[in-house]
Amino acid sequence: MKIKQYLTMGLLTCMALVLSVSSCSEDGTDPNNLLPYMSAYYPESLTSTSALLMGNMESNGSKIQEYGFLLSTTESELLQSLDKLGDNIKHKVGQGHPTGDFSLEVNGLTHNTTYHYCVYAIAGRTIARSDIYEFTTNAIGLPDLNIYDTSLTESTIQLTCSFYDGGADLNS
């Protein structure tokens, strides 16, 4: 009777061990996979219809499958599950092990509109997001002047810039 009991206990223990080992798989969800450090900056080259989104990421050894920006006119949309977000909100920039600054030019924005944005990264089954920031596109009719380069001497200042009027009447 005791032998049957030991055999049964041993068999159950072996089955439990086999099930626990076989349920583990290599799917990139290493429990030691640290979240990346992420931040976003105020957009550069902001116009009435476009913005250059700027971000920074240090992967901390994370296995990043995808990273980019989330952009919406509604802050709450940025907190939804990524698989529910369309390409108009989720803007993939890259994958791999990002280190340092990255950017994305977004066009087709609406003038004089407040947008919310953040950096996102997918590491294993974890989705990390930076803090959420906002910016407002320029109103139409206000000219957009972007200064790219300057040089200064004792008697002159030289500016390299671009000017976009958004189709507005500049005589008003």
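What you are looking at is a predicted structure, and each value in this text was computed from that prediction instead of being measured.

Reading guide: rules and limits
In this numbering scheme, every chain counts its residues from 1 along its sequence in written order. Reporting in this predicted model follows two pLDDT cut-offs: at least 70 for local features of residues, and 80 or more for side-chain atom pairs to be given and counted; totals over whole chains, interfaces and linings ignore these cut-offs and use all residues. As a rule here, side-chain values cover all heavy atoms of the structure and leave hydrogens and water aside. Starting at the N terminus, helices and strands are each numbered in turn, a helix being any DSSP run of H or I of at least four residues and a strand any DSSP run of E of at least two. Under the scheme applied here, a residue whose accessible area is under 20% of the maximum for its type counts as buried, over 50% as exposed, and between as partly exposed, the area being computed with a 1.4 Å probe on protein chains only. Residue contacts are counted whenever heavy atoms from the two residues lie within 4.5 Å of one another. In these tables, accessible area is a Shrake-Rupley quantity obtained with a 1.4 Å probe, and a residue counts as shielded only by the protein chains included in the view. By nonpolar core is meant a set of buried Ala, Val, Leu, Ile, Met, Phe, Trp, Tyr and Cys residues that side-chain atoms within 4.5 Å join together. Pairing between two strands requires that DSSP report at least two bridges joining them. Interaxial angles span 0 to 180 degrees and are taken between N-to-C directions of axes, which are lines fitted to C-alpha atoms, for helices over the stretch in contact. Scored from 0 to 100, pLDDT reflects the predictor's confidence in each residue. For patches, a residue must show more than 30% relative accessible area and have no salt bridge; joins then use 9 Å for like charges and 5 Å for nonpolar side chains, namely Val, Leu, Ile, Met, Phe, Trp and Tyr. By salt bridge we mean one thing: a side-chain nitrogen of Lys or Arg within 4 Å of a carboxyl oxygen of Asp or Glu. Stacked, edge-to-face and tilted are the three classes for Phe, Tyr and Trp ring pairs, Trp counted by its six-membered ring, which pair at centre distances within 6.5 Å; planes under 30 degrees apart are stacked, over 60 edge-to-face, the rest tilted.

A. How the structure looks around the overall build of the protein chain. Regarding its fold elements, the protein chain presents one helix and ten strands. Helices (α) and strands (β) of the protein chain occur, in sequence order from the N terminus, as α-β-β-β-β-β-β-β-β-β-β. The 172 residues of the protein chain split such that 33% are buried. A separation threshold of at least 6 residues defines the contact pool for the protein chain, and within that pool the share at least 24 residues apart is 64%. Total accessible area computed for the protein chain in this model is approximately 11,300 Å², and 54% of it derives from carbon and sulfur atoms.

B. Representation of the nonpolar core. By size, the foremost hydrophobic cluster in this structure holds 20 residues, and its most contacted members are M57, L71, L109, V119 and F135. Looking at this core, the element that brings in the most residues is strand β6 (residues 114-123), giving five residues. Dropping the residues within four chain positions of it, L109 is found in contact with S48, T49, S50, A51, L71, Y115, F135 and T137. Grouped together as the second largest cluster of nonpolar side chains are eight residues, L70, I89, Y120 and I122 included.

C. Structural view of the sheet that holds strand β2 (residues 50-58). One open sheet holds the three strands; their spatial order is β1-β2-β5, and the pairing between them is antiparallel. On the outer flanks of this sheet lie β1 (37-44) and β5 (99-107), each paired with one strand and no other. On average, each strand axis in the sheet is inclined to that of its neighbour by 20°, with strand direction left out of account. In terms of strand pairing, β1 meets β2 through six bridges, oriented antiparallel. Bridging across to β2, M38 finds its partner in M57.

D. Region of interest: the confidence of the model for the protein chain. With 70% of its residues at a pLDDT of 70 or more, the protein chain shows a mean pLDDT of 77. At the level of individual helices and strands, the protein chain shows its lowest average pLDDT in helix α1 (residues 2-22), which scores 51, and its highest in strand β8 (residues 133-136), which scores 95. Note that residues 18-28 has pLDDT below 50 and, in this model, five contacts with residues that lie over four places away or in other chains.

E. Structural context of a nonpolar patch on the surface. Side chains of I147, L152, I157 and L159 sit close together on the surface and give an oily, nonpolar patch of about 450 Å² of accessible area. As for its position among the elements, L152 is in strand β9 (residues 144-152).

F. Region of the structure containing the pattern of salt bridges. Tallied over the full model, the rule gives one salt bridge. With a shortest N-O distance of 3.0 Å, K90 and E66 are connected by a salt bridge. Highlighted residues: K90 in strand β4 (residues 90-96) and E66 in strand β3 (residues 64-72), separated in sequence by 24 residues.

G. Representation of unusual backbone geometry in the model. Although it is not a glycine, S45 sits at a positive phi angle of roughly 50°. You can see S45 is positioned in the loop between β1 and β2. Even without being glycine, N112 reaches a positive phi, approximately 55°.

H. Spatial organisation of the environment of Y37. Relative to the helices and strands, Y37 is located in strand β1. Distance from Y37 to A121, taken between C-alpha atoms, is 9.7 Å for residues 84 residues apart in sequence.

I. Up close: the packing of aromatic side chains. Counted under the stated rule, the structure contains five aromatic pairs. Between the aromatic rings of Y67 and F102, the centroid separation amounts to 5.0 Å while the plane-to-plane angle is 75°, which identifies the pairing as edge-to-face. Of this pair, Y67 sits in strand β3 while F102 is found in strand β5, placing the two residues 35 residues apart along the sequence. We classify Y67 as buried; its relative accessible area is 11%. Measuring from centroid to centroid gives 6.0 Å for Y117 and Y133, while their planes differ by 40°, and the two rings are tilted. Placement of Y117 in strand β6 and of Y133 in strand β8 is noted, with a sequence separation of 16 residues between them. For Y117, a relative accessible area of 1% puts it in the buried group. Within the aromatic cluster, the residues linked to one another by ring pairs are Y115, Y117, Y133 and F135.

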